[in-house]
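Coordinate analysis (summary)
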Amino acid sequence: MDNIYLKPMTDKMYHEYFKEYENDYDLFLDKSEFFKYVYDEEQVNKYIEKQKTLKRICLAIMKDDEMIGEIKLHHITPESATLGISIKNDKYKNQGYGTIAEQLVIDYVFNKLNKKVLLADTILTNTRSQHVLEKVGFQKVGEDERSFYYKIER
């Protein structure tokens with residue numbers, strides 16, 4: 001398998017990532033809201049600032065020397081964090097890279113950040129993400145009209 005690893009995100013990496021990013025039709029509950037993503041430097045800068053303001057931990061999913069995805073840890077407390085993941089485009093989906101990245105971030109959260117719980121959620125239509133979460137050990141703990149909620153404990 002290709003060399004998959006995580007590394008801290010930089011502003012430059014975000015810009016390179018979003019130049020090749022594509023919205024995923026399957027991730028829109030209301031398909032009429034789908035739109036083709038177009039890179040916008042100003043919007044990416046706002047996104048970066050939001051991550052910093054909210055004190056999220058942002059990690060690049062690297063395949064060899066190329067950034068292929070993003071993992072964000074948000075809602076960080078002394079006991080837990082919540083996982084968010086995205087893969088750049090269809091070229092890198094369904095290749096097992098997200099599974100490896102989630103395994104790496106679980107190890108990071110439990111062994112480096114010393115958290116006891118990692119949470120995640122997916123919209124109801126994101127069956128790919130649900131499959132990966134369950135594959136790496138998350139348990140479904142709830143749902144509402146929009147999302148499924150997951151948890152894994154150390």
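Definitions and limits used
- Residues numbered from 1 in each chain as written.
- Predicted model: local features only at pLDDT ≥ 70, side-chain atom pairs only at ≥ 80, totals over all residues.
- Heavy atoms only, no water.
- Helix = DSSP H or I, 4+ residues; strand = E, 2+ residues; numbered from the N terminus.
- Buried < 20%, exposed > 50% of the residue type's maximum accessible area, 1.4 Å probe, protein only.
- Contact = heavy atoms within 4.5 Å.
- Pairing = 2+ DSSP bridges.
- Axes fitted to C-alpha atoms, helices over the stretch in contact; angles between N-to-C directions.
- Core = buried A, V, L, I, M, F, W, Y, C linked by side-chain atoms within 4.5 Å.
- Phe/Tyr/Trp six-rings, centres within 6.5 Å; stacked < 30°, edge-to-face > 60°.
- Lys NZ or Arg CZ within 6 Å of the ring centre and 35° of its normal.

So, on to the side chain of T82. If you trace the backbone, T82 turns up in strand β4 (residues 80-87). For T82, a relative accessible area of 8% translates into the label buried. Each residue touching T82, except ones within four places of it in the same chain, is listed here: K72, L73, H74, H75, L118, L119, A120 and D121.

Quick look at the pairing of strand β2 (residues 57-63) now. Extensive coverage of β2 is indicated by the burial of 6 of its 7 residues. Across 7 bridges, β2 lies against strand β3 (residues 66-74) in antiparallel orientation. Paired with K63 across the bridge in β3 is E66. The antiparallel hairpin formed by β2 and β3 contains 2 residues in its connecting segment, where D64 sits at a positive phi of about 55 degrees.

What follows covers the sheet that holds β3. Across the sheet, which stays open at both edges, the 7 strands sit in the order β1-β2-β3-β4-β5-β7-β6 with mixed pairing between neighbours. At either margin of the open sheet sits one strand with a lone partner, and together these are β1 (4-8) and β6 (139-143). Averaged over all pairs of adjacent strands, the angle between their axes in this sheet comes to 30 degrees, without regard to strand direction. Pairing of β3 with β4 involves 6 bridges; the strand directions are antiparallel. Bridging across to β4, E70 finds its partner in S86. Contacts from helix α4 (residues 127-135) reach β4, β5 (117-123), β6 and β7 (147-153) within the one sheet, and its direction differs from that of β5 by about 160 degrees.

Counting 24 residues, the largest nonpolar core has I61, L83, V105, I106, L118 and F138 as the members making the most contacts within it. Of all the secondary-structure elements, those providing two or more residues to this core are β2, β3, β4, α3 (97-112), β5 and β7. Per element, the largest residue contribution to this core is 6 residues, and it comes from α3.

This next bit is on helix α1 (residues 11-19). Owing to its 3.6 residues per turn, the α-helix aligns residues three or four sequence positions apart on the same side. Among the residues of α1, those classed as buried are M13, Y14, H15, Y17 and F18. The elements touched by buried residues of α1 are β1, α2 (41-53), β2, β3 and β4.

So, about the packing of aromatic side chains. Tallied over the full model, the rule gives 8 aromatic pairs. Taking the centre distance of 5.5 Å and the plane angle of 85 degrees together, the rings of Y14 and Y47 count as edge-to-face. Here Y47 lies in helix α2 and Y14 lies in helix α1, a separation of 33 residues in the sequence. With a centroid separation of 5.4 Å and an interplanar angle of 90 degrees, the aromatic rings of Y21 and Y37 are classed as edge-to-face. Of this pair, Y21 sits in the loop between α1 and α2 while Y37 sits in the loop between α1 and α2; the two residues are 16 residues apart in sequence, bridging distant segments of the chain. Of the aromatic side chains, those joined through ring pairs into one cluster are Y14, Y17, F18, Y21, Y37 and Y47. Positioned over the ring face of F148 is K140, at 3.9 Å from the centre of the ring.

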